[in-house]
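# Coordinates in review
Read off the chains here:
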Amino acid sequence: MDLDAFNELLTPRGQQALAEAGELAGADPVAAATKLRKSYDAPLTSAALTQAGLRARGEAKFGDDARLMYFTPHGLEQSTRKEVAEHRARRLAGAAVIDACCGIGGDFLALARAGCTVTAVDVDPLTVAVARANTEALGLADRVTVTVGDAAAVRPEDYDVLFVDPARRTSRGRTFDPLAYSPPWPVVLGLVARAERACLKVAPGIPYEFIPAEAEAEWVSYKGEVKEATLWTGDGPTRRATLLPGGHTMTATNVKAPVGAMGRYIYEPDGAAIRAHLVGEVAELVGGRLLDPLVAYIAANEPVDTPWAARYEVNEIMPFSLKKLRAALRERQIGNVTIKKRASALDIERLRADLRLNGEKSAVIILTRIMARPYALICDTSPPS
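This section reports on the structure supplied with the text. (Residues numbered from 1 in each chain as written. Predicted model: local features only at pLDDT ≥ 70, side-chain atom pairs only at ≥ 80, totals over all residues. Heavy atoms only, no water.)

## Thoughts on the pattern of salt bridges
Applying the stated criterion to the full structure yields 25 salt bridges. A salt bridge links Arg113 to Asp65; its shortest N-O distance comes to 2.6 Å. Of the two residues, Arg113 is situated in helix 7 (residues 106-113) and Asp65 in the loop between helix 4 (42-62) and helix 5 (73-78); the sequence distance between them amounts to 48 residues. Overall, Arg113 belongs to the partly exposed group, its relative accessible area being 42%. The salt bridge partner of Glu316 is Arg332, with a shortest N-O separation of 3.1 Å. Of this pair, Glu316 sits in strand 15 (residues 309-319) while Arg332 is found in the loop between helix 12 (322-331) and strand 16 (334-341), placing the two residues 16 residues apart along the sequence. A residue is classified by how much of its surface remains accessible, and Glu316, at 27% relative accessible area, is partly exposed. Ionic contacts of the salt-bridge type, sharing partners, join the residues Arg88, Asp107, Asp165, Arg168, Lys201 and Glu228 into one network. (Salt bridge = Lys/Arg side-chain N within 4 Å of Asp/Glu carboxyl O. Helix = DSSP H or I, 4+ residues; strand = E, 2+ residues; numbered from the N terminus. Buried < 20%, exposed > 50% of the residue type's maximum accessible area, 1.4 Å probe, protein only.)

Following this line, the structure appears as structure tokens:
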């Protein structure tokens, strides 16, 4: 989809084509294209079908808003899930924000709904056209101004908050190196240095050495999956984990988890807590200890309900041996397993095949290391009471 085709999509004729493309969602692509081509030219047919498909995919991130929004493939892939954007926007409610790499607008839409006024910039004219169309479609054009521009040229000192979501894709695909972001990390930090406050959206796996010493680093988990990290400046340094949709949040107290023996239960901290180095804080919540000082599994004697960790009841623990593990599972008539691992080099699918499971019962197998030795734990799930 190019800029001319997208602009035609916004005309009355384009809107009719898009509506018809939406009605063909799920149909055979060739049949859908053939049907639309009876009324529309090839570029408009392609743009309408592409947009209808992106809207369908976008519902996972944007809910009902996606039915009105416009997307580019890369813009949808990198855009923030609505619940995460809303969480961030609540913290910036009412501010004047410069969004230096706005993409298709997932973040500035949440900011505008939180009462912010937003000046949004993106270097790509098509992306800017899509972002503008989204402000119109969702009735937020009075709070958001979108222009074509280079992020490096913005003036963060003219706003309350600088928001930056640098592109994390290169010509070779997704990149995990902040120096390969667009704009590159040194440029981002240069903007941050001039801002009164800043909010940087980064990948959850950002190397810790790239996090500014003065920043708060927040890792956000949505329904148990770590979605992204946010770096905040202007409020003082700390580490934070947040769980959505519940809104639970935890900050570092620098408590150190003790190391001790196995208990009746094993707890697996949420990934946001692990990335934020809050395993000690979670261990304190459940009255637990680490089995190994470098592995984020927590053993405890009591069942404590917490959103910060999944809990499993331990039925058997053994030094890892394929033969012994297979025999133990057969004895327990276990034919279905969920396999989890941490600090284990074993390939899960290869192990599953080698176990040759046969039985009607289910279990959770945890593969881990305890004081430099590989172990296997046979567990049952232990849901909150």
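## Some remarks on the layout of surface pockets
Computed from the structure, the largest pocket encloses a volume of approximately 590 Å³. As for the largest pocket, its lining consists of 31 residues, of which Gln78, Gly103, Asp122, Ala167 and Ser182 are closest to the centre. Broken down by secondary-structure element, the contributors of at least two residues to the lining of the largest pocket are helix 5, helix 7, strand 2 (117-122) and strand 5 (169-170). For the lining of the largest pocket, the element with the most residues is helix 5, which contributes three residues. Counted by class, the lining of the largest pocket contains eleven nonpolar, 13 polar and seven charged residues. Its volume calculated, the second largest pocket comes out at about 470 Å³. Surrounding the second largest pocket, 24 residues form its lining, Lys61, Glu77, Ser79, Arg174 and Lys227 being those nearest its centre. Those elements giving two or more residues to the lining of the second largest pocket turn out to be helix 4, helix 5, strand 7 (198-202) and strand 9 (225-233). Ranked by residue count, the leading element in the lining of the second largest pocket is strand 9, at four residues. Of the residues contributing to the lining of the second largest pocket, the split by class is eight nonpolar, five polar and eleven charged. (1 Å grid on protein atoms, 1.4 Å probe; cavity = no way out; pocket = protein on both sides within 12 Å on 5 of 7 lines; lining within 4 Å. Points joined across faces, edges and corners; volume = space filled by probe spheres on them. Nonpolar A, V, L, I, M, F, W, Y, C, P; charged D, E, K, R; others polar.)

## Let's talk about the side chain of Asn134
Along the chain, Asn134 falls in helix 8 (residues 125-137). By relative accessible area, which is 0% here, Asn134 ends up buried. Contact partners of Asn134, with chain neighbours within four places excluded, come to Met69, Tyr70, Ile104 and Leu109. (Contact = heavy atoms within 4.5 Å.)

## Looking at the environment of Lys82
Assignment of secondary structure puts Lys82 in helix 6 (residues 82-91). Residues Lys82 and Glu214, spaced 132 residues apart in sequence, show a C-alpha to C-alpha distance of 28 Å. With near-sequence residues (within four places) excluded, Lys82 lies in contact with Lys61, Phe62, Asp65 and Arg113.

## Notes on helix 2 (residues 12-23)
In this model, helix 2 (twelve residues) spans 17 Å end to end at C-alpha, consistent with the 16 Å of a helix rising 1.5 Å per residue. Listed as buried for helix 2 are Gly14, Ala17, Leu18 and Ala21. Along the axis of helix 2, the buried residues cluster in a sector spanning 100°; they form a single face. Seen from the open side of helix 2, the exposed residues pointing more than 90 degrees away from its buried face are Pro12 and Glu23. Buried residues belonging to helix 2 abut helix 1 (3-9), helix 3 (29-37) and helix 4. (Expected span 1.5 Å × (residues − 1). Arc of directions from axis to C-beta.)

That's the geometry; what it means functionally is another story.
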